[in-house]
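Survey of secondary and tertiary structure
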Amino acid sequence: MSHGMKKIPTHFRRAQSRGMSLIFSLVTLVALSLAAVALVRSVDSGTLILGNLGFKQDSQQAADDAARTAVRWLTENIASTLINDDAPGNGYYATTRDTTAAPLDATNKGSGTARTVIDWGSGCGAVASSQCLQTVAVPALNAGVTARYVILRLCDGTGDPTAVTATMNCVRPLVNGTSESGERGSLSYATAQRIGVTTVSQYFRVLVRSQGGRDTVTYTETLVHY
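Quick caveat: nothing in here was measured; it's all calculated off a predicted structure. (Residues numbered from 1 in each chain as written. Predicted model: local features only at pLDDT ≥ 70, side-chain atom pairs only at ≥ 80, totals over all residues. Heavy atoms only, no water.)

1. A closer look at the nonpolar core
Across soluble globular proteins, nonpolar side chains show a tendency to be buried alongside one another. Among the nonpolar cores identified, the biggest contains 21 residues, and Tyr-92, Tyr-149, Ile-151, Phe-204 and Val-208 are the most heavily contacted of them. Only helix H1 (10-77), strand E5 (136-138), strand E6 (146-153) and strand E9 (203-211) provide two or more residues apiece to this core. In terms of residue count, H1 provides more of this core than any other element does, seven residues in total. Setting aside anything within four residues of it in sequence, one finds Tyr-92 in contact with Trp-73, Leu-74, Leu-82, Ile-83, Asp-85, Asp-86, Ala-87, Ile-151, Arg-153 and Phe-204. Counting eight residues, the second-largest nonpolar core is a separate cluster that includes Tyr-93, Leu-133, Val-150 and Leu-152. (Core = buried A, V, L, I, M, F, W, Y, C linked by side-chain atoms within 4.5 Å. Buried < 20%, exposed > 50% of the residue type's maximum accessible area, 1.4 Å probe, protein only. Helix = DSSP H or I, 4+ residues; strand = E, 2+ residues; numbered from the N terminus. Contact = heavy atoms within 4.5 Å.)

The structure is reproduced here in structure tokens:
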């Protein structure tokens, strides 16, 4: 006796179809949720990056303002005897302050006391006061942005730049430039000879640290020649 296949009731098939549709719907919902979360995170990351770039630009602008302020101070005092010696109150030092015994740590991120550091507003730690360089704060254009600078003359010793000595050991050293006359022969009122002039050149290093929002920090260095 042969038996035929049992016929599945219609209501059972419909219930089974609805169950499979529910599973596919849940899988699709999970996939869409994950895609939405990834999209939100991507937008947040992009916004964060744009914000950090904005803060970085603010700190760079403040650093540029501080460098110009330092150069202005140098221009106003280049002809005075003030630049022959250290003036910590003005953020100025007549030497490089970078020696083998105490190398200059411009970012103050090193360790140990055998180094020269710059007080960017938070002190110099355990470093001796003689190895702690003072800075000048510059009012920033944008709120919450700070900037400070220090000026170093590129010489190993202090003194008058017109009386260069071996102990000063200035960069290149302090260069003498001479302009020559464009006319040859004797001097006359009709054709005045251009007399040569000797000038003394000096080189200065301006270090700036600026800080903006979200602890964005910018260090800049400017070499100035007079």
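2. Structural notes on the sheet that holds strand E2 (residues 104-105)
A sheet is described by the order of its strands in space; here three strands give the open sequence E2-E3-E4, paired in parallel fashion. Each edge of the open sheet carries a strand with a single partner, namely E2 and strand E4 (132-133). Bridging between strand E3 (residues 116-118) and E4 involves two bridges; their strand directions are parallel. The residue bridging Val-117 from the neighbouring strand is Cys-132, located in E4. (Pairing = 2+ DSSP bridges.)

3. Focus on the environment of Ser-201
Examined against the element boundaries, Ser-201 turns out to sit in the loop between strand E8 (198-200) and E9. Judged by relative accessible area, which is 11%, Ser-201 ranks as buried. Each C-alpha atom of the pair Ser-201 and His-225 lies 6.9 Å from the other, and the pair is 24 residues apart in sequence.

4. Describing the packing of aromatic side chains
Per the stated rule, a full pass over the model turns up four aromatic pairs. Consider the rings of Tyr-92 and Phe-204, whose centres lie 6.3 Å apart with planes at 45 degrees: the pair is tilted. Separated by 112 residues along the polypeptide, Tyr-92 in strand E1 (residues 92-93) and Phe-204 in strand E9 bring together distant segments of the chain. Among the residues examined, Tyr-92 registers a relative accessible area of 0% and is labelled buried. Feature note: the residues Trp-73, Tyr-92, Phe-204 and Tyr-226 constitute an aromatic cluster, connected by ring pairs. (Phe/Tyr/Trp six-rings, centres within 6.5 Å; stacked < 30°, edge-to-face > 60°.)

5. Quick word on the state of the cysteines
Here the structure, examined in full by the defined rule, presents one disulfide. Residue Cys-124 pairs covalently with Cys-132 via a disulfide, S to S 1.9 Å. As the torsion about the S-S bond is roughly 60 degrees, the Cys-124-Cys-132 disulfide counts as right-handed. You can call Cys-132 buried: its relative accessible area is 11%. (Disulfide = S-S within 2.5 Å.)

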